[in-house]
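Results of the structural survey
For reference, the chains in residue letters:
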Amino acid sequence: MKNNKFVNKIICADTLKFLAKIESDSIDVVLTDPPYFLDKLDNNWDCEEVANQDNQQVIKSLPAGMKFDREQGKKFYAWYLKISEEIFRVLKPGGFFFSFSSPRLYHRMASAIDDAGFEIRDAFMWLYTQNQAKAMGVDHFINKMNIDEKAKGKIREKLNGWKTPQIKSCFEPIAMAQKPTEQTYLNNMMKYEVGLFDTTVRIGDNMYPANVFTIDSINELVDRAFLLPKPTKKEKGEYNDHKTVKPLAVCEYLINLSAFAKDAVVLDPFVGSGTTAVAAKKLGKNYIGIDANEKYVKISEQRLKELDEKSDLFGKAVISEKMKKGSLQPQLQIA
Ligand SMILES: C[S@@+](CC[C@H](N)C(=O)[O-])C[C@H]1O[C@@H](n2cnc3c(N)ncnc32)[C@H](O)[C@@H]1O
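Overview of the structure.

Procedures and definitions
- Residues numbered from 1 in each chain as written.
- Predicted model: local features only at pLDDT ≥ 70, side-chain atom pairs only at ≥ 80, totals over all residues.
- Near = placed C-beta within 6 Å.
- Nonpolar A, V, L, I, M, F, W, Y, C, P; charged D, E, K, R; others polar.
- Axes fitted to C-alpha atoms, helices over the stretch in contact; angles between N-to-C directions.
- Helix = DSSP H or I, 4+ residues; strand = E, 2+ residues; numbered from the N terminus.
- Parallel < 35°, antiparallel > 145°, perpendicular 65-115°, else oblique.
- Left-handed = near helix turned anticlockwise from the far one by under 90°.
- Contact = placed C-beta atoms within 7 Å.
- Pairing = 2+ DSSP bridges.
- Buried ≥ 20, exposed ≤ 12 C-beta atoms within 10 Å, placed from the backbone.
- Core = buried A, V, L, I, M, F, W, Y, C linked by C-beta atoms within 7 Å.
- Expected span 1.5 Å × (residues − 1).
- Arc of directions from axis to C-beta.

So, about the site of the ligand. In the neighbourhood of the ligand, 19 residues make up the surrounding shell, with D33, F270, G272, S273 and T275 lying closest. Residues of the shell around the ligand, tallied by class, amount to seven nonpolar, eight polar and four charged.

Here you go:
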């Protein structure tokens with residue numbers, strides 16, 4: 001097997017450096033949730049810095065992810081272009097690249113993926129109802145104005161409810177890109193066992209796969225079309241203090257749609273606490289996970305170990321028809 005030193009391992013490394021070791025045209029699916037390049041959540045992601053909750057009342061020291069800076073998008077693009085070029089090289093022809101992002105910097109990420117040679121085929125929307133509103137009031141600044149209290153009061157009254165332009169964020173966009181196929185889709189599928197989508201996968205109430213999904217029950221209509229299973233309390237692991245753990249069902253949905261080969265390898269170059277790897281393993285696929293932080297590598301390894309020991313911890317994946325039918329690993333009949 002290609003990459004046999006790395007397959008079914010979580011590697012602690014800087015992704016850009018490590019990707020050079022992965023063989024060309026060897027990976028079926030890349031599914032990742034990279035640093036969003038909002039402040040502190042960048043390619044120098046530091047566990048301590050990100051977890052630090054101190055000084056949050058002081059305007060100068062905002063919690064991770066809140067600071068606005070035009071340079072963030074440019075830096076993200078430049079870095080993600082290099083990452084995407086490597087991902088392009090390691091994917092098989094027709095291989096898929098799913099990349100999570102934030103509404104604010106999605107455009108930079110998608111452009112980097114596009115410019116690396118991928119075909120941007122679609123975007124998924126992960127819809128949710130709960131999130132912390134990030135807008136800040138301006139009272140702090142009004143208080144500091146060099147005017148009398150009565151004038152300050154008037155301004156406060158006039159601007160009551162008006163805050164900085166950060167609306168409550170309730171979706172995450174996910175780029176869906178594909179390395180161009182060799183010749184036709186069918187030829188590509190016959191040669192590389194990747195390139196088509198499994199339309200027998202189901203979402204919501206036995207519905208055809210959609211590019212919108214949610215794990216929050218919203219209302220009958222939305223749930224019927226877009227609901228995926230809620231994360232179980234235990235799937236994340238009680239010891240897992242990663243700030244941005246993705247739900248297993250979301251990763252399973254995307255892997256089920258795109259990974260055909262029995263021995264398919266799913267690569268997550270920013271694996272964090274290991275959700276993509278756990279999902280791949282649960283579905284009988286291979287994985288390679290990379291993360292720069294040793295602490296997260298250990299958490300990933302622990303989650304993977306627990307999957308071996310107690311499979312019931314991770315709940316049932318009620319996602320695809322083929323799973324229900326128990327035919328998880330289709331084999332292509334090549335005449
Ligand atoms: C958004 S998190 C991924 C979370 C993951 N989806 C989960 O469910 O746990 C991004 C990860 O990228 C890692 N990271 C940041 N810069 C990196 C780099 N240059 N090389 C490798 N990993 C990096 C961080 O340590 C972080 O865990």
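With that settled, consider the packing of helix α10 (residues 275–282) against helix α11 (residues 294–309). In the contact formed by α10 and α11, the axes pass within 9 Å of each other and the chain directions differ by 20°. It follows that α10 is roughly parallel to α11 by the angle criterion. Of the two possible hands of crossing, α10 and α11 adopt the one that is right-handed. Counting all contacts with α10, which are made through A277, V278, K281 and K282, the residues of α11 involved are S300, R303, L304 and L307. The residue inventory of the contact of α10 with α11, partitioned by class, reads four nonpolar, one polar and three charged.

The residue S258 is located in helix α9 (residues 248–258) in this model. It is 9.6 Å that separates the C-alpha atoms of S258 and F97, two residues lying 161 residues apart in sequence. When near neighbours in sequence (up to four residues on either side) are disregarded, S258 contacts V29, F96 and F197.

On to the sheet that holds strand β1 (residues 9–12), then. Taken in spatial order, the eight strands line up as β1-β8-β7-β2-β3-β5-β4-β6 in an open sheet, and their pairing is mixed. What marks the edges here is a single partner per strand, and that holds for β1 and β6 (212–214). Sheet twist, expressed as the mean angle between neighbouring strand axes with direction ignored, is 20°. Inspection of the sheet shows strand β2 (residues 27–32) paired to strand β3 (residues 91–100) by five bridges, in the parallel sense. By the bridge assignment, L31 is partnered in β3 with F98. Where α9 meets the sheet, it contacts β2, β3, β4 (119–127), β6 and β7 (265–268), and its direction lies at approximately 155° from that of β2.

Attention shifts here to the pairing of β4. Where β4 and strand β5 (residues 171–178) come together, eight bridges link them in antiparallel fashion. Residue pairing in the sheet places E119 in a bridge with Q178 of β5. Pairing analysis gives three bridges linking β4 to β6, with the strands arranged parallel. Paired with M125 across the two strands is V212, which belongs to β6.

What follows is about unusual backbone geometry. We note that N8 has phi near 60°; this positive angle belongs to a residue other than glycine. Assessed through the 17 C-beta atoms surrounding it within 10 Å, N8 is described here as partly exposed. The phi dihedral of N206 is positive, around 60°, even though this residue is not glycine. With respect to the helices and strands, the residue N206 is situated in the loop between α7 (185–192) and β6. Overall, the presence of 9 C-beta atoms within 10 Å leaves N206 in the exposed class.

Extensive coverage of α9 is indicated by the burial of eleven of its eleven residues. Listed as buried for α9 are L248, A249, V250, C251, E252, Y253, L254, I255, N256, L257 and S258. Next to the buried residues of α9 lie β2, β3, β4, β6, β7 and α10.

Among soluble globular proteins, nonpolar side chains are generally buried collectively. Of all hydrophobic cores here, the largest spans 68 residues; its most connected members are F97, I113, I255 and V266. For this core, the element with the most residues is α9, which contributes eight residues. Filtering out sequence-adjacent residues up to four positions away, V266 remains in contact with D28, V29, L31, I255, A259, T276, A280, K285, N286 and Y287.

Okay, the packing of α9 against α10 next. Running from amino to carboxyl end, α9 crosses α10 at an angle of 60°, the nearest separation of the two axes being 9 Å. Taken together, the axes of α9 and α10 are oblique relative to one another. For the element pair α9 and α10, the recorded crossing hand is right-handed. Contact residues: L248, C251, E252 and I255 in α9; T275, T276, V278, A279, A280 and K282 in α10. Among the residues making up the contact of α9 with α10, the classes are represented as six nonpolar, two polar and two charged.

Here α11 spans 23 Å end to end across 16 residues, near enough to the 22 Å set by a 1.5 Å rise per residue. Among all positions of α11, only Y296, V297, I299, S300, R303 and L304 are buried. Down the axis of α11, the sector holding all buried residues measures 165°, keeping them to one side. Across from the buried face of α11, at angles greater than 90 degrees, the exposed residues are E294, K305, D308 and E309. In this structure, the buried residues of α11 make contact with β1, α10 and β8 (286–291).

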